[in-house]
Amino acid sequence: MSIWAILISLLLLMFLAYRGISVLILAPVLAALAVLLSGDIHLMLPIYTETFMGALGGYLINYFPIFLLGAIFGQLIADSGAASSIAHWFTKVLGPKHAILTVVLACSVLTYGGVSLFVVAFAIYPIAKVMFYQAGIPKRLIPATIALGAFTFTMTALPGTPAIQNAIPIPFYSTNVFAAPGLGIIASLIMLSTGLLWLTSRVRIAHANGEAYGEHDDGVEHETISGENQMPILLAFSPLILVIALNALFTYGIFPNMDFTGIHAEFSALDPSKKTGLWAIIVSLVIACIWLIAIAWPRWQHLQQTINKGTLGSMLPAFNTASEVGYGAVIASLAGFAILKELVLNVSPNNPLISEAIAMTTLAGITGSSSGGLSIALQTLGADYLRIALENNINPELLHRVAVIAAGGFDTLPHCGAIITLLSICGMNHRQSYLNIAAVTIIGPMIALAAVITLGTIFGSF
């Protein structure tokens, strides 16, 4: 009965999340339902206070600084004018005829530099709709175009990306955000090329059918893309470059050569190898935020409001994901999970990459969140995957990259909160735009995942 309790709870989580109910409510309620159906009603309160809240708190201890700093940095990028400057520069260089490529590149540069997916969508959409209107491209393709640039390779595959998804495996595998860089670049190229091929083919079909931008009450016919009062492009790019460069410097240059003896004296249980990857991201984002404030100082009329908005914007994503981790911890404590765990681990007993990929992408699909699914899977199975990998001489860096790419597969099913928000920003609905979103955020990443697993199995991590 415990297995059925888990399955019923998971299906309800997926269904109710799709209906728009907050995960902050769903996670503890459906965790309690799973406990109740398993016959452990007498353990419900201690499981909530000790297991659920313990896992939730542990997740926030590790990752909340990244959520917080990332959100503030993204808001600074948007309000300083750097985001619009970058988008305008791509528009000027490539022109409206290459509207799809322009939007994809602008989104990818911003997200790879550490800007929140949601901030990118808000910043790029007003420019994208003007470009699509001028080029006669159907507006229904805008959400998929933004998703390709912001929700795929820059989130899960490009080495060094400061996205939270790329940071989550670090404490479990003692890796860093540059794990398996060669495979990450190959996966990125696959995602980018398959996505662009799909979108450009849709444009050709639309034009052949006489379809243009379409009739939409968004006032686009009266709008233009203005380059006035923009931040100089080199300054606009500098904070993004700084994040990646400092991250690499601390990851490969400073922290590996530091003597942590003094730290051990104060924190005897701390393993620096499991933390330096997170520390590198934190330091990089702090310095980049300070730099961004400095270079845009004359523009800051409402700096306090910008910082406050970024701070508040970090809360909901952080607590949503932490609640999903708490839910996963409760599910993992139930008797039926041991059976499901063995089934997953035995999918490919000598190659944890396949089993890991299935677990990550399945849980990401169920929760509608790449970070949520990744966190749940690693909390419950990460130690097992690492053990099997070491027994079979598989580099933990390969585990890291496969886990993150896999989490970016089925995370964009229709109930995904990020997809619902993106459609809302663009004034579209699922019927109009979801098929194309799925094509670029699911099919491409799954092809890339298969390629990484194949290459990693044959050649190892590189």
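Definitions and limits used
All chains use their own residue numbering, which begins from 1 and follows the written sequence. Local features in this predicted model are restricted to residues whose pLDDT is 70 or higher, and side-chain atom pairs enter the listing and the counts only when it is 80 or higher, whereas totals over whole chains, interfaces and linings include all residues. The side-chain quantities take in all heavy atoms of the structure and omit both hydrogens and water. Numbering of helices and strands starts at the N terminus; helices are DSSP runs of H or I of at least 4 residues and strands are runs of E of at least 2. Just to be clear, the radius of gyration here is over C-alpha atoms, and the globule rule we use is 2.2 Å times residues to the power 0.38. Exposure is judged per residue with a 1.4 Å probe applied to protein chains only, and the accessible area is read against the type maximum: over 50% gives exposed, under 20% gives buried, and values in between give partly exposed. Between two residues, a contact is recorded if the distance between any of their heavy atoms is within 4.5 Å. Here, Shrake-Rupley sampling with a 1.4 Å probe gives the accessible areas, and only protein chains in the shown set may cover a residue. Remark: nonpolar core denotes a set of buried residues (Ala, Val, Leu, Ile, Met, Phe, Trp, Tyr, Cys) joined through side-chain atoms within 4.5 Å. A fitted line through C-alpha atoms represents every axis, and for helices the fit uses only the stretch in contact; the resulting angles, taken between N-to-C directions, go from 0 to 180 degrees. Should an angle lie under 35 degrees it is considered roughly parallel, over 145 roughly antiparallel, and from 65 to 115 roughly perpendicular; all remaining angles are considered oblique. Working rule for handedness: look at the near helix, and if it is turned counterclockwise from the far one by less than a right angle, call the crossing left-handed; if clockwise, right-handed. Basically, the charged four are Asp, Glu, Lys and Arg, the nonpolar ten are Ala, Val, Leu, Ile, Met, Phe, Trp, Tyr, Cys and Pro, and anything else, Gly included, counts as polar. Counted as salt bridges are all cases of a side-chain nitrogen of Lys or Arg within 4 Å of a carboxyl oxygen of Asp or Glu. Pairing of aromatic rings covers Phe, Tyr and Trp, the last through its six-membered ring, and needs centres within 6.5 Å; plane angles under 30 degrees mean stacked, over 60 mean edge-to-face, and all others mean tilted. Placement of a positive charge over a ring is assigned whenever Lys NZ or Arg CZ falls within 6 Å of the ring centre and within 35 degrees of the normal to the ring plane. A helix is expected to reach a length of 1.5 Å times the quantity of its residues less one. The seven residues ending at a residue and the seven starting there each receive a fitted axis; the angle between those axes is the bend at that residue. Patch membership requires over 30% relative accessible area and the absence of a salt bridge. Like charges are linked within 9 Å, and nonpolar side chains (Val, Leu, Ile, Met, Phe, Trp, Tyr) within 5 Å. We call two N or O atoms a polar contact when they sit within 3.5 Å, provided that within protein one can donate a hydrogen and the other can accept it, with sequence-adjacent residues counted only if both atoms are side-chain atoms.

By the naming in an unreviewed UniProt entry, the chain is GntP family permease, taken from Oligella ureolytica.

Caption draft 1: View of the overall build of the chain. Tallying secondary structure elements over the chain gives 21 helices and zero strands in all. What you see for the chain is a C-alpha radius of gyration of 22 Å, in line with the 23 Å of a compact globule of 462 residues. Relative to its 462 residues, the chain shows a buried fraction of 55%. Taking contacts inside the chain between residues at least 6 apart in sequence as the whole, the part at least 24 apart equals 83%. Taken as a whole, the chain presents about 19,000 Å² of accessible surface, with 67% of it coming from carbon and sulfur.

Caption draft 2: Region of the structure containing the nonpolar core. Residues Phe73, Ile77, Leu110, Ile124, Phe132, Ile146 and Tyr327 are the most contacted members of the largest nonpolar core, which totals 147 residues. Considering every element that reaches this core, the biggest residue donor is helix 3 (residues 44–80), with 14 residues. Ignoring sequence-local partners within four residues, the contact set of Phe132 consists of Ala99, Ile100, Val103, Ile137, Pro138, Leu141, Ile142, Thr145 and Tyr213. Counting five residues, the second largest nonpolar core, distinct from the first, contains Phe250, Phe255, Phe260 and Ala280.

Caption draft 3: View of the packing of helix 19 (residues 396–407) against helix 21 (residues 430–459). Interaxial distance between helix 19 and helix 21 falls to 9 Å at its minimum, and their mutual angle equals 165°. Between helix 19 and helix 21, the angle is such that the two are roughly antiparallel. In this structure, helix 19 crosses over helix 21, and the sense of that crossing is left-handed. Residues Leu398, Val402, Ile405 and Ala406 of helix 19 pack against Pro445, Leu449, Val452, Ile453 and Gly456 of helix 21. Partitioned by chemical class, the residues of the contact of helix 19 with helix 21 number eight nonpolar, one polar and no charged.

Caption draft 4: Inspection of the packing of helix 5 (residues 99–112) against helix 11 (residues 181–208) at higher detail. Running from N to C, helix 5 and helix 11 point in directions that differ by 145°, and their axes come no closer than 10 Å. Of the two possible hands of crossing, helix 5 and helix 11 adopt the one that is right-handed. Each of Ile100, Leu101 and Val104 in helix 5 lies in contact with helix 11, whose residues at this interface are Leu192, Leu196, Leu199 and Val203. For the contact of helix 5 with helix 11, a count of residues per class yields seven nonpolar, no polar and no charged.

Caption draft 5: Up close: the pattern of salt bridges. Evaluated as defined, the whole model comprises three salt bridges. Two residues, Asp384 and Arg387, come together in a salt bridge whose shortest N-O distance is 3.4 Å. Here the residue Asp384 and the residue Arg387 both occupy positions in helix 18 (residues 370–391), the gap between them amounting to three residues, near one helical turn. Since its relative accessible area comes to 14%, Asp384 is described here as buried. The closest approach of N and O atoms between Arg387 and Glu391, which form a salt bridge, is 3.6 Å.

Caption draft 6: Structural detail: the packing of aromatic side chains. Applying the stated rule across the entire model yields 11 aromatic pairs. Consider the rings of Tyr48 and Phe52, whose centres lie 5.6 Å apart with planes at 20°: the pair is stacked. Pair noted here: Tyr48 and Phe52 are both in helix 3, with a separation of four residues, about one helical turn. On the basis of relative accessibility, which here comes to 37%, the residue Tyr48 falls in the partly exposed class. You can call Phe52 buried: its relative accessible area is 3%. On the basis of an interplanar angle of 55° and a centroid distance of 6.4 Å, the ring pair of Tyr59 and Phe67 is categorised as tilted. The burial state of Tyr59 is the same as that of Phe67; both residues are buried. A cation over an aromatic ring shows up here: Arg202 above the ring of Trp198, its NZ or CZ 4.2 Å from the ring centre.

Caption draft 7: Spatial organisation of helix 12 (residues 233–254). Helix length check: helix 12 (22 residues) gives 30 Å between terminal C-alpha atoms against 32 Å at 1.5 Å per residue, within 8%. When the local axis directions of helix 12 are compared, the greatest deviation, roughly 30°, occurs at Pro239. Buried within helix 12 are the following residues: Ala236, Phe237, Ser238, Pro239, Leu240, Val243, Ile244, Leu246, Asn247, Phe250 and Thr251. Residues of helix 12 that are buried in the fold lie against helix 3, helix 4 (82–94), helix 5 and helix 14 (276–295).

Caption draft 8: Structural context of a nonpolar patch on the surface. A surface patch of nonpolar side chains, about 700 Å² in accessible area, is lined by Ile21, Leu24, Ile25, Val29, Leu312, Met315, Leu316 and Phe319. Among the elements of the structure, helix 2 (23–37) and helix 15 (303–333) are those that each provide at least two residues to the nonpolar patch. Among the secondary structure elements, Ile21 is positioned in the loop between helix 1 (2–18) and helix 2. Judged by its relative accessible area of 37%, Ile21 is partly exposed.

Caption draft 9: Spotlight on unusual backbone geometry. Here Ser174, not a glycine, exhibits a phi torsion of approximately 55°, which is positive. As for its placement among the helices and strands, Ser174 is situated in the loop between helix 10 (170–173) and helix 11. A positive phi angle, near 55°, is found at Asn393, a position not held by glycine. Following the sequence through the fold, Asn393 ends up in the loop between helix 18 and helix 19. Look at Asn393 and you get exposed, because its relative accessible area is 73%.

Caption draft 10: Looking closely at the side chain of Thr145. Looking at the secondary structure, you find Thr145 in helix 7 (residues 142–150). Classification of Thr145 by relative accessible area gives buried; the value is 0%. With sequence-adjacent residues up to four places away left out, Thr145 is seen in contact with Ile100, Val103, Val104, Phe132 and Leu199.

Caption draft 11: Spotlight on the side chain of Asn351. Among the structural elements, Asn351 can be located in the loop between helix 16 (335–345) and helix 17 (352–367). The class of Asn351 is buried, set by a relative accessible area of 13%. A polar contact is formed between the side chain of Asn351 and the backbone nitrogen of Leu353, at a distance of 3.0 Å. In this structure the side chain of Asn351 is engaged in a polar contact, spanning 3.2 Å, whose partner is the side chain of Thr457.

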